[in-house]
Amino acid sequence: MDMDDALWSRLSPEVRLELDELINSGRFLQAIKVVREHIGPTRLALWDGVEAVQERADVLEVSGPLRSRARSE
């Protein structure tokens, strides 16, 4: 599963690369912020940003913001 295709396609290749780097380094809050800043005039709700980052973390096989706590316990 990849980030919602409609959402992912609205991000530039540079932003996608930045997100992958942030997610791979565990900087989930910064990644959520980047998603919300670059999605355009219909700003995402915070939860939508979290879910988008989690979906991308799943693709990259990284413990994301919703699953990192569960995996570490």
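Residues numbered from 1 in each chain as written. Predicted model: local features only at pLDDT ≥ 70, side-chain atom pairs only at ≥ 80, totals over all residues. Heavy atoms only, no water.

Asks: Looking at this structure, I do not really get the side chain of D20. What am I missing?
Replies: As for its placement among the helices and strands, D20 is situated in helix α2 (residues 13-24). At 2.7 Å, the side chain of D20 and the side chain of R56 are in polar contact. (Helix = DSSP H or I, 4+ residues; strand = E, 2+ residues; numbered from the N terminus. Polar contact = N/O pair within 3.5 Å; in protein donor to acceptor, adjacent residues only side chain to side chain.)

Asks: Can you walk me through the packing of α2 against helix α4 (residues 46-60) in this structure?
Replies: Each packed pair of helices is defined by two parameters, the angle between the axes and the distance between the axes. For the pair α2 and α4, interaxial distance at closest approach is 10 Å and the crossing angle is 75°. Between α2 and α4, the interaxial angle falls into the category roughly perpendicular. In this structure, α2 uses D20, I23 and N24 to contact α4, whose residues at the interface are V53, R56, A57 and L60. Of the residues in the contact of α2 with α4, the class split is four nonpolar, one polar and two charged. (Axes fitted to C-alpha atoms, helices over the stretch in contact; angles between N-to-C directions. Parallel < 35°, antiparallel > 145°, perpendicular 65-115°, else oblique. Contact = heavy atoms within 4.5 Å. Nonpolar A, V, L, I, M, F, W, Y, C, P; charged D, E, K, R; others polar.)

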